[in-house]
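For reference, the chains in residue letters:
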Amino acid sequence: MLLLVVVVLLGASCTGDGAQEVAGPEATAGGTTTPGSPEPSSDVPLATESPVFAEDEAVVRIAIPEPATLDPMRVGDPGSVLIVRQLFEGLTKWDPVAEEVVPAAAEAWTAEKGGRRWIFELRRGMTFHDGKSVTAKDFKFAFDRIALRKNASDIAYTLERVQGFLEANQLGETKGLKGVKVKDDYTLQIDLDEPFYDFPAVLTHPGLVPVPEKAVENIDKFLAFPVGNGPFQMARAWGPGAEVDLKPFDGAIESPQIDGLRFIPFSDAAESWLLFRDNEIDISEVPVGQFDAAEEEFGDQGYKPFLAGYYYGFNLDAGALRDKRLRKAINLAIDRDEISEDIYSGSLVPPRGIVPEGMPGFDENICDELCDFDPDKARELVRKLPQKKRSIELDFTQGEPHGAVAKEVKSDLEDAGFEVRIKGYPFETYLKRLRRGDSRFFRFGWIAEFPVPDVFLSSLFGGDAPDNQTAFRDQKADALLRDAHAEESPAKRLRLYLKAEERIMSRTPVVPIGSFVIHWVAQPQVTGLEFDVMGGFDAVSISLEE
């Protein structure tokens, strides 16, 4: 899947107390690889002396982190993702109320060849914001654009199961994905290398959307004024640092109930909070330290689990760490409540397992015995270890809050009888160490960009997964995951994923530290707003009451 370049950042982004570092498989997409900066084009509407919206129009003002890009191929940071979700409509989308994948640009789909082939029937009459009909060719073009090696899209991993991905993305030998075929204007066929019945959920990713080929011929214009097929369209050109104004698009699948959206960038939630309290902002994240007060005043409908996990991993190829007693002792020695409350101030909660709280069907706490703070049991296990196995090296990425977490873990492990040395590394150096297998005990984070447990299980612990940094290998776990991929029944598939997670946890290749919670609030006049476990929302259902 995605290289760890986008996962080891996770931490400060969800707390409101540090740099915006939301990752992935998400984190750095958008900022580092976007070719050029958006510049207003002469043939798109600009903000001049005339305001974009009239004073009496119903416009929802939303505080966001500074977006890096509005190009779907490169979205990853939270500001960009939230805006792109309103501008574009993919084949499928996630319903946060029903907790299931529902039709979007595709009105129906069928699976063939045991989950290896997927046929999507597009809606007739759907158009882009420029009036051009949305057809299967537009999805084909967009998916090829993402997959091609020369484009270096950070979300290319979402299409890795599609036939021809290796040739297009890794080898750069083809001009597109062999497995994506246009059967007619409204029928798209996607062939996979292996069965995967969760594929419709993958397609809920905000970047897997149709893009008109002609629109990206002028990439500078597209970056400033993207042409989508979603319920909102650009009201004026955008450039870095500026607000993003969107207006309703009448030709969308669903019609907005408001007159516009204004996304206002802020450096952090603490900055936007002051304006929210003055009713100058309608929707905002809550800064650390204000969670309880904000909940009492505005309610908790925006307090949702976020599918992001914080972990320490064991390199199981590294000598002493092969001893399961040692790995269990480390797990029992760590006070996760202390980390959650004192360092993350409630934006991190203790883990339920490998898969974070909030994943549909993953409600049972399977980490209770292993993750419960039991220093006495930890000391007992450490005393049984040879002296040479009591020395631990812990690696982490420099910066806060990761340094504070590492120091807390060090203190807990030393109380249990370990000798601990911690070492922080610059980000790029840290990545190189992980890729080479130099780190023995190391910090990492992981975010799901679509609500499928396989994102955590196969991606991090599959025997041949490129992001398996723990060197975990288990034939039974791999077999359970393969069976889950090929299982058509959602209920049976869920049980297989749960069994796979239990199997992985029983082998103890990881120390789950916790999972994150998002804290959004809205003014009382905002209705119809549904936050989801992906960290955002679709604004098409929002209304403003007088």
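Residues numbered from 1 in each chain as written. Predicted model: local features only at pLDDT ≥ 70, side-chain atom pairs only at ≥ 80, totals over all residues. Heavy atoms only, no water.

### Things to note about the state of the cysteines
Right, on to step 1. Going through the model one piece at a time under the given rule, you end up with one disulfide.
Right, on to step 2. One disulfide in the model links C367 with C371; its S-S distance is 1.6 Å.
Right, on to step 3. Take C367: its relative accessible area is 0%, and that puts it in the buried class.
Right, on to step 4. On the basis of relative accessibility, which here comes to 8%, the residue C371 falls in the buried class. (Disulfide = S-S within 2.5 Å. Buried < 20%, exposed > 50% of the residue type's maximum accessible area, 1.4 Å probe, protein only.)

### Focus on the confidence of the model for the protein
Right, on to step 1. When pLDDT is averaged along the protein, the result is 90, and 91% of the positions lie at 70 or above.
Right, on to step 2. Segment residues 1–37: pLDDT under 50, and 132 contacts once partners within four positions in sequence are set aside and those in other chains are kept.
Right, on to step 3. Under a pLDDT of 50 for its full length, residues 44–49 has, in the predicted model, twelve contacts with residues more than four places off or in other chains. (pLDDT = per-residue confidence, 0-100. Contact = heavy atoms within 4.5 Å.)

### Focus on the pattern of salt bridges
Right, on to step 1. With the rule as written, the count across this model stands at 28 salt bridges.
Right, on to step 2. Measuring nitrogen to oxygen at the nearest pair gives 3.0 Å for the salt bridge that ties R277 to E297. Taken together, the residues R277 in helix α6 (residues 269–277) and E297 in helix α7 (residues 291–298) connect sequence positions 20 residues apart.
Right, on to step 3. A salt bridge links E380 to K384; the nearest nitrogen and oxygen atoms lie 3.7 Å apart.
Right, on to step 4. Accessibility expressed as a relative area gives 32% for E380, which makes it partly exposed.
Right, on to step 5. Several salt bridges converge on common partners, so that one network encompasses R236, E243, D245 and R262. (Salt bridge = Lys/Arg side-chain N within 4 Å of Asp/Glu carboxyl O. Helix = DSSP H or I, 4+ residues; strand = E, 2+ residues; numbered from the N terminus.)

### Quick word on the packing of helix α9 (residues 336–343) against helix α12 (residues 402–415)
Right, on to step 1. It is at 10 Å that the axes of α9 and α12 come closest, and there the two elements cross at 145°. α9 and α12 meet at a crossing whose hand is right-handed. Contact with α9, carried on its side by E338, I339 and I343, involves A404, V405, E408 and V409 of α12 and no other residues of that element.
Right, on to step 2. Tallied by class, the residues present in the contact of α9 with α12 amount to five nonpolar, no polar and two charged. (Axes fitted to C-alpha atoms, helices over the stretch in contact; angles between N-to-C directions. Left-handed = near helix turned anticlockwise from the far one by under 90°. Nonpolar A, V, L, I, M, F, W, Y, C, P; charged D, E, K, R; others polar.)

### Focus: the packing of helix α14 (residues 454–461) against helix α15 (residues 475–485)
Right, on to step 1. Two numbers describe how α14 lies on α15: the axes approach to 11 Å, and their chain directions differ by 140°. The angle between α14 and α15 falls in the class oblique. Remark: the crossing between α14 and α15 carries left-handed chirality. On α15, the residues touching D454, L457, S458 and F461 of α14 are D478, L481 and H485.
Right, on to step 2. Looking at the contact of α14 with α15, its residues break down into three nonpolar, two polar and two charged. (Parallel < 35°, antiparallel > 145°, perpendicular 65-115°, else oblique.)

### Side note on the pairing of strand β10 (residues 260–266)
Right, on to step 1. Within β10, six of the seven residues are buried, which leaves it mostly tucked inside the rest of the structure.
Right, on to step 2. Bridging between strand β1 (residues 59–65) and β10 involves seven bridges; their strand directions are parallel. Bridge assignment links I62 to a residue of β10, and that residue is F263.
Right, on to step 3. Sheet topology note: the strand β9 (residues 244–248)/β10 ladder contains three bridges and is antiparallel. By the bridge assignment for β10, V244 is matched with F263. (Pairing = 2+ DSSP bridges.)

### Examining the environment of K377
Right, on to step 1. Summarising the element assignment, K377 is placed in helix α11 (residues 375–383).
Right, on to step 2. Between the C-alpha atoms of K377 and D415, which are 38 residues apart in sequence, the distance is 12 Å.

### Topic: α7
Right, on to step 1. What α7 keeps buried is the set F291, A294 and F298. Relative to the axis of α7, the buried residues are bounded by an arc of 70° and lie together on one face. Of the exposed residues in α7, those oriented more than 90 degrees away from the buried face are D292 and E296.
Right, on to step 2. At its buried positions, α7 is contacted by α6, β12 (303–314) and β17 (510–522).
Right, on to step 3. Looking at the residues trailing α7, positive phi occurs at G299, about 90°. (Arc of directions from axis to C-beta.)

### So, the side chain of D191
Right, on to step 1. You can see D191 is positioned in strand β7 (residues 187–191).
Right, on to step 2. A distance of 2.6 Å separates a polar atom in the side chain of D191 from a polar atom in the side chain of R117.
Right, on to step 3. Apart from the residues within four sequence positions on either side, D191 is in contact with R116, R117, R161, V162, Q163, G179 and K181. (Polar contact = N/O pair within 3.5 Å; in protein donor to acceptor, adjacent residues only side chain to side chain.)

### Remarks on the packing of aromatic side chains
Right, on to step 1. All told, the structure shown has 19 aromatic pairs when counted by the stated rule.
Right, on to step 2. Ring geometry for W520 versus F531: centroids 5.8 Å apart, planes at 25°, classification stacked. You can see W520 sitting in strand β17 and its partner F531 sitting in the loop between β18 (526–527) and β19 (543–544), a full eleven residues away along the chain.
Right, on to step 3. The exposure class assigned to W520 is buried, which follows from its relative accessible area of 5%.
Right, on to step 4. F531 sits in the buried class, given a relative accessible area of 3%.
Right, on to step 5. The structure contains a cluster of three or more aromatic residues connected by ring pairs, namely Y310, Y312, F314, Y344, F441 and F516. (Phe/Tyr/Trp six-rings, centres within 6.5 Å; stacked < 30°, edge-to-face > 60°.)

### Thoughts on a negative patch on the surface
Right, on to step 1. Side chains of D337, E338, E341, D342, E364, D368, E369, D372, D374 and E502 sit close together on the surface and give a patch of like negative charge.
Right, on to step 2. Among the elements of the structure, α9 and α10 (368–371) are those that each provide at least two residues to the negative patch.
Right, on to step 3. If one sorts the elements of the negative patch by residue count, α9 sits on top with four residues.
Right, on to step 4. Structurally, E369 can be placed in helix α10. (Patch = residues over 30% accessible without salt bridge, like charges linked within 9 Å, V, L, I, M, F, W, Y side chains within 5 Å. Areas by Shrake-Rupley, 256 points an atom, 1.4 Å probe, with all protein chains shown as cover. Lys, Arg positive; Asp, Glu negative; His and termini not counted. Charge placed at Lys NZ, Arg CZ, Asp CG, Glu CD.)

### Section: the pairing of strand β5 (residues 117–122)
Here is the key point about a regular strand: its side chains alternate between the two faces of the sheet.
Right, on to step 1. In terms of burial, β5 is largely enclosed, as five of its six residues are buried.
Right, on to step 2. Where strand β4 (residues 106–112) and β5 come together, six bridges link them in antiparallel fashion. Following the sheet pairing, T110 is matched in β5 by I119.
Right, on to step 3. In this structure, the hairpin formed by β4 and β5 is closed by a connection of four residues, where K113 is found at a positive phi of approximately 55°.
Right, on to step 4. In the sheet, β5 pairs with β7 via five bridges, with the strands oriented antiparallel. The residue of β7 that forms the bridge with F120 is L188.

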